[in-house]
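Structure at a glance
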Amino acid sequence: MNISPRSHIYRLIVLLVIVVVGFVAVRGLAIPSSWDSENFYRLDSLEELKLQPMHLGGNESCGGASCHDQERVAKHKTQLATVGRGSHKGLACENCHGPLSAHVSDDKKVASAVIDRENKLCLNCHAQLVSRPKDFPQFDTEANGHWYFDVEITKPCLDCHSPHNPRQMAAKKDKSKKQPKATSEQTSTNGEVQL
Amino acid sequence: MLPNESLLNYYFPNEAEVHWSLMIVIYPYITGLVAGAFVVSSLYHVFQIKAFENISRFALVAAFCFGLFAAVPLLMHLGQPFRAFNIFFTPHTTSAMSVFGFVYSSYMILLMVELWLVYREHFIQKAKETKGMAGWVWKSLTLGVTEYTPEAARVDHKLTTFLAALGIPWACFLHGYVGFIFGSVKANAWWATPLQPIIFLMSAIVSGIAMLMLMYAFIRWRTKKPYDFPMIQKLMVFLWGFFIIDFFLEALEIIYVAYEHGHHWSVIGPLLSGPLYGTFLIVQLLVLSVIPFLILGYITIFKPWGRLLLYLANLASLMLVLQVLFMRFNVVVGGQLISKSDRGFTEFHWEFFAREGVLPAIIILSAPFVAFYVISRFVPILGDAPEAKQ
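This write-up is about the structure you can find in this document. Not measured: the values here are computed from a predicted model.

Rules used throughout
Residues numbered from 1 in each chain as written. Chains lettered and ligands numbered in written order. Predicted model: local features only at pLDDT ≥ 70, side-chain atom pairs only at ≥ 80, totals over all residues. Heavy atoms only, no water. Helix = DSSP H or I, 4+ residues; strand = E, 2+ residues; numbered from the N terminus. Buried < 20%, exposed > 50% of the residue type's maximum accessible area, 1.4 Å probe, protein only. Contact = heavy atoms within 4.5 Å. Areas by Shrake-Rupley, 256 points an atom, 1.4 Å probe, with all protein chains shown as cover. Buried area = accessible area lost by both parts, 1.4 Å probe. Nonpolar A, V, L, I, M, F, W, Y, C, P; charged D, E, K, R; others polar. Axes fitted to C-alpha atoms, helices over the stretch in contact; angles between N-to-C directions. Parallel < 35°, antiparallel > 145°, perpendicular 65-115°, else oblique. Left-handed = near helix turned anticlockwise from the far one by under 90°. Salt bridge = Lys/Arg side-chain N within 4 Å of Asp/Glu carboxyl O.

Our next topic: the overall build of chain A. Assigned secondary structure in chain A consists of nine helices and four strands. Listing each helix as α and each strand as β along chain A from the N terminus yields α-β-β-α-α-α-α-α-β-β-α-α-α. Burial analysis of chain A (195 residues in total) assigns 23% to the buried set. Sequence-distant contacts in chain A: of pairs separated by 6 or more residues, those separated by 24 or more amount to 51%. Of the roughly 13,900 Å² that chain A leaves accessible, carbon and sulfur atoms contribute 59%.

Following this line, the structure appears as structure tokens:
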């Protein structure tokens, strides 16, 4: 049989066309139907994200609006007002007390909120780091009256500072120049938030 | 000395780890070997340099084997291999990396087609000789055309020359693009230079030629076959030529920044006298560049022959292969040692067993040679009639 000297080239071209068509077909299947080629994300992902279970509720949820125990509601509100006046006013309750989902589920309290009294929690933000802004309070044995009371980094921060309004409490201690008595809020060790 | 006369070595907390690690060092290295080996093959196919006739197929197969593993370090680095396809399916034109996927794939297709044309006669012969399953594999490689006529051979030859000619700018584009990816990072003083693509390309060609020389010498030594000294001589002349351009471009880039004494030098000066003093100035520029430069100059001018040529060529090639590996390390890791604060340097921590450690890097770097060995079991690679002039 007399075949064309270019027959293998034609077959190669057919093979390459199949590869290209195969790629285009696989591409068509692989790209999600809701793909937004302008903004490069799946539009459906927004709805899917909304369906994810909520973990954090924000300070509004701690305000007591959904809490049925009126005594707790009042305490939550008082504590939020205290935080709102102090230097920790920018923090969320859940930063220290754990996520709402671990505390409340289906409008019912399922577990006590976390109370962590370890210095480690405070030092997450207040340990000395060269990359922190100079005017951000960072633990220093020589500053803020620490030198007067011989405060070392191992001494519990909560012995003197209220976690909800640390600066105001510290100012009081400086005036008295005494080791203060810890408040009931600070000495609670039963693992439950005294709000 | 610290950047910008800083008194404190300051770097941001997220710079404590060098994120582009050894995998990103060997990625441009292997890609460079592809481009370099291909250029050698094209020197015969396109530029008619007869001395390279016997190694043109060998260079093509080597380029193909390196190409097979060029993207593996990237997959290791990403850790999510299947996501790699996303840059093909939904490429974003603002991403240099997504376009690289297409440049790399098209280059590999070109390489495979050229290899197929070169080996078609062998495939046809094997398809006729072999029976059973193996016969079907050989037959599928012929695409069903089992006659190799002189007319078809002429068509193949023309097309091979055309593909080799097309492959040169494409190989330059491929590796120039790797340099482009680094050179276009304007926030990094050590990377951001328009010379980066050309430097990467030249060093790629140097590493490719040097690696071919080492592989050639090893194969001839293992198979106890005579060496093609005229080819080695010519290869070393080309290696010297490309290396001169590569080395002086690298040096000019540094000299330029140093003389300019601009804001880049306030970072690069301390970088070169500090973290990169050993690996860049001493090892890359002094030991692994000056010595092979002198050896290759000696080979080119005084034309030694026999054992002396072989030893000198291998020594120079080994040093240049390492020089380019050091260059990749110094560029990729060196650039990341500079803190974005421009006030200090971070440190590179060596790992051995980690995912991006030394061991995986060695395994990936060895893989092309294993692939080459496997392929060489099935197809003849070196034209086996070198003139032994010892």
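Put simply, an interface is often sized by how much accessible area is lost when its parts join up. Chain A puts 19 residues into the contact, and the matching count from chain B is 23 residues. Taken together, both faces of the contact between chain A and chain B bury some 1,800 Å²; the carbon and sulfur share is 81%. Of the residues forming the side of chain A that touches chain B, the biggest block, 11 residues, is contributed by helix α1 (residues 7-30) of chain A. Class assignment for the residues of the side of chain A that touches chain B results in 13 nonpolar, three polar and three charged.

Residues and elements named next belong to chain B. With their axes 7 Å apart at the nearest point, helix α7 (residues 150-183) and helix α8 (residues 196-222) run at an angle of 130 degrees to one another. Between α7 and α8, the crossing angle belongs to the class labelled oblique. For the element pair α7 and α8, the recorded crossing hand is right-handed. The segment α7 lies against α8, with A171, C172, H175, G176, V178, G179, F180, F182 and G183 engaging Q196, P197, F200, L201 and A204. Residues of the contact of α7 with α8, tallied by class, amount to nine nonpolar, five polar and no charged.

With that out of the way, let us pick up the side chain of Q323 of chain B. Mapping Q323 of chain B onto the fold places it in helix α12 (residues 306-337). Excluding anything up to four places from it in sequence, Q323 of chain B contacts F243, D246, E250, Q284, L288 and S289 of chain B.

Our next topic: the pattern of salt bridges. Residue and element names in this part refer to chain A. As enumerated under the stated definition, the model contains four salt bridges over all chains in all. E47 is the partner of K50 in a salt bridge, and the nearest nitrogen-oxygen pair spans 3.2 Å. Of this pair, K50 and E47 are both found in helix α2 (residues 44-50), three residues apart, which corresponds to roughly one turn of the helix. Across the pair K155 and D159 runs a salt bridge, and its minimum N-O distance is 3.8 Å.

Moving on to the packing of helix α1 (residues 22-45) of chain B against helix α2 (residues 53-68) of chain B. Residue and element names in this part refer to chain B. Where α1 contacts α2, the two axes come as close as 8 Å, and the packing angle between them is 155 degrees. In terms of orientation, α1 lies roughly antiparallel with respect to α2. By crossing handedness, the relation of α1 to α2 is classed as left-handed. Counted together, I30, L33, V34, A37, F38, V40, S41, Y44 and H45 of α1 and E53, I55, S56, A59, L60, A63, F66 and G67 of α2 form the full contact between these two elements. Residue classes in the contact of α1 with α2 are distributed as 12 nonpolar, four polar and one charged.

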